[in-house]
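Descriptive structure summary
Now for the letters of each chain:
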Amino acid sequence: MLTAGAAGVQDLSEQMFTFPQRSNTAHVRLTASRQDFSKVTVCLRSFTDLQSDHPLFSLATPLRDNDFLIFWKESSQAFQPHVNNNRAQYRQLDYEPNVWHSICSTWDSTSGLIQLWFDGKPLTRKFVSSGSNITGNPIIVLGQEQDSHGGGFNIRQSFVGSISDVHMWDYVLSPCEIQNYVNDLNLTPGNVVNWRALDFQIVDRVLLENKQQTCH
């Protein structure tokens with residue numbers, strides 16, 4: 001079990017980050033292998049019982065705090081993926097507490113379309129932002145929502161629960177590739193963020209633990 005200050009490149013297969021309490025400091029910072037994106041796919045799995053606003057993935061650049069964000073808005077009962085500080089909204093989802101959920105978000109700057117995949121189900125493609133890449137030094141944070149480049153954390157928007165299997169690609173995954181991710185089948189790991197070779201730093205009270213397996 002690793003706690004605050006842990007860092008380096010590790011294969012985190014069958015492991016998870018656990019965020020055990022509300023905080024305006026505790027988070028995991030991920031290192032991206034690239035700094036310019038015209039297309040993006042992010043996939044992850046999350047487990048929480050929160051009934052309040054919370055982020056699942058926050059990428060900020062010096063230009064924009066919400067350059068790529070996956071966020072749950074409790075008052076709207078909706079996931080709100082953001083690109084270039086613009087957002088779409090997806091409602092009427094069975095976001096059941098205390099259950100692992102697989103969430104993927106894709107975006108293409110040419111069309112400007114974003115799409116959310118929730119537990120393997122493709123949702124409506126929506127326009128958010130076109131013609132402008134995500135560019136500049138990216139800071140990727142799990143557990144907090146950045147209101148500034150690498151900071152501006154709000155305890156009321158902090159994440160409590162577990163996050164695992166985080167991957168980021170600089171292209172849009174095909175539907176079959178996303179289904180492979182959801183079903184934990186053979187998958188080309190992220191070429192920007194790779195859970196199997198993750199470059200990360202834990203700040204404050206976050207635990208790196210083995211996934212809890214259900215006995216049969």
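What you see is a predicted model; the values in this text were computed from it and never measured.

Attention shifts here to the state of the cysteines. Taken as a whole, this structure holds 1 disulfide when the rule is applied. Cys176 forms no disulfide, and the closest cysteine sulfur to it belongs to Cys104, at a distance of 13 Å. Given the relative accessible area of 58%, Cys176 is considered exposed.

Along helix α1 (residues 175-182), the positions that sit buried rather than exposed are Ile178, Tyr181 and Val182. Buried residues in α1, looked at end-on, bunch into an arc of 100°, giving them a common side. Against β5 (39-47), β11 (101-108), β12 (113-118) and β17 (161-169) lie the buried residues of α1.

The biggest cluster of nonpolar side chains holds 56 residues, and the ones touching the most others in it are Phe17, Phe57, Phe68, Phe79 and Met168. Excluding its chain neighbours within four sequence positions, the residues that come into contact with Met168 are Phe37, Val40, Thr41, Val42, Phe57, Leu59, Ile140, Gly190, Asn191, Val192 and Val193.

What follows covers the packing of aromatic side chains. Within the structure shown, the criterion is met by 10 aromatic pairs. Judged by centre distance (5.4 Å) and plane angle (85°), the ring pair of Phe17 and Trp195 falls under edge-to-face. With Phe17 in strand β2 (residues 15-19) and Trp195 in the loop between α1 and β18 (198-203), the pair connects residues that are 178 residues apart, well separated along the chain. A single burial state applies to Phe17 and to Trp195, both of which are buried.

All told, the structure shown has 7 salt bridges when counted by the stated rule. Residue Asp165 pairs with Arg45 through a salt bridge whose shortest N-O separation is 2.6 Å. Taken together, the positions of Asp165 in strand β17 and Arg45 in strand β5 put the pair 120 residues apart, joining distant regions of the chain. Pair check on accessibility: Asp165 and Arg45 agree, each one buried. With a closest N to O distance of 2.7 Å, Lys211 and Asp165 form a salt bridge. Taken together, the residues Lys211 in the segment after β19 (207-210) and Asp165 in strand β17 connect sequence positions 46 residues apart.

Turning our attention to the pairing of strand β3 (residues 27-30). On a regular strand, each side chain points to the face opposite its neighbour's, so the side chains alternate between the two faces of the sheet. Both β3 and β18 contribute to a ladder of 4 bridges, which runs antiparallel. Paired with Leu30 across the bridge in β18 is Phe200. Here β3 runs beside strand β16 (residues 139-142); their pairing, made up of 3 bridges, is antiparallel. Paired with Leu30 across the strands is Ile140, a residue of β16.

Moving on to the side chain of His54. Mapping His54 onto the fold places it in strand β6 (residues 54-60). Here Tyr95 takes part through its side chain, which lies 2.9 Å from a polar atom of the side chain of His54. Leave out the neighbours within four places in its chain, and His54 touches Thr48, Phe71, Trp72, Tyr95, Gln157, Ser158 and Phe159.

One can expect most non-glycine residues to show negative phi and most peptide bonds to be in trans. In the Ramachandran plot, Asp119 falls in the positive-phi region, its phi being about 50° despite a non-glycine side chain. With respect to the helices and strands, Asp119 occurs in the loop between β12 and β13 (121-122). Exposure remark for Asp119: the relative accessible area of 37% places this residue in the partly exposed category. For Asp204, which is not glycine, the phi torsion reads 70° and is therefore positive. For Asp204, the location among the structural elements is in the loop between β18 and β19.

With respect to the helices, strands and loops of the structure, Leu185 is situated in the loop between α1 and β18. When its relative accessible area of 48% is taken as the criterion, Leu185 is described as partly exposed. Taking the C-alpha atoms as reference points, Leu185 and Ser164, separated by 21 residues in sequence, lie 15 Å from one another.

Cut-off values and rules
- Residues numbered from 1 in each chain as written.
- Predicted model: local features only at pLDDT ≥ 70, side-chain atom pairs only at ≥ 80, totals over all residues.
- Heavy atoms only, no water.
- Disulfide = S-S within 2.5 Å.
- Buried < 20%, exposed > 50% of the residue type's maximum accessible area, 1.4 Å probe, protein only.
- Helix = DSSP H or I, 4+ residues; strand = E, 2+ residues; numbered from the N terminus.
- Arc of directions from axis to C-beta.
- Contact = heavy atoms within 4.5 Å.
- Core = buried A, V, L, I, M, F, W, Y, C linked by side-chain atoms within 4.5 Å.
- Phe/Tyr/Trp six-rings, centres within 6.5 Å; stacked < 30°, edge-to-face > 60°.
- Salt bridge = Lys/Arg side-chain N within 4 Å of Asp/Glu carboxyl O.
- Pairing = 2+ DSSP bridges.
- Polar contact = N/O pair within 3.5 Å; in protein donor to acceptor, adjacent residues only side chain to side chain.

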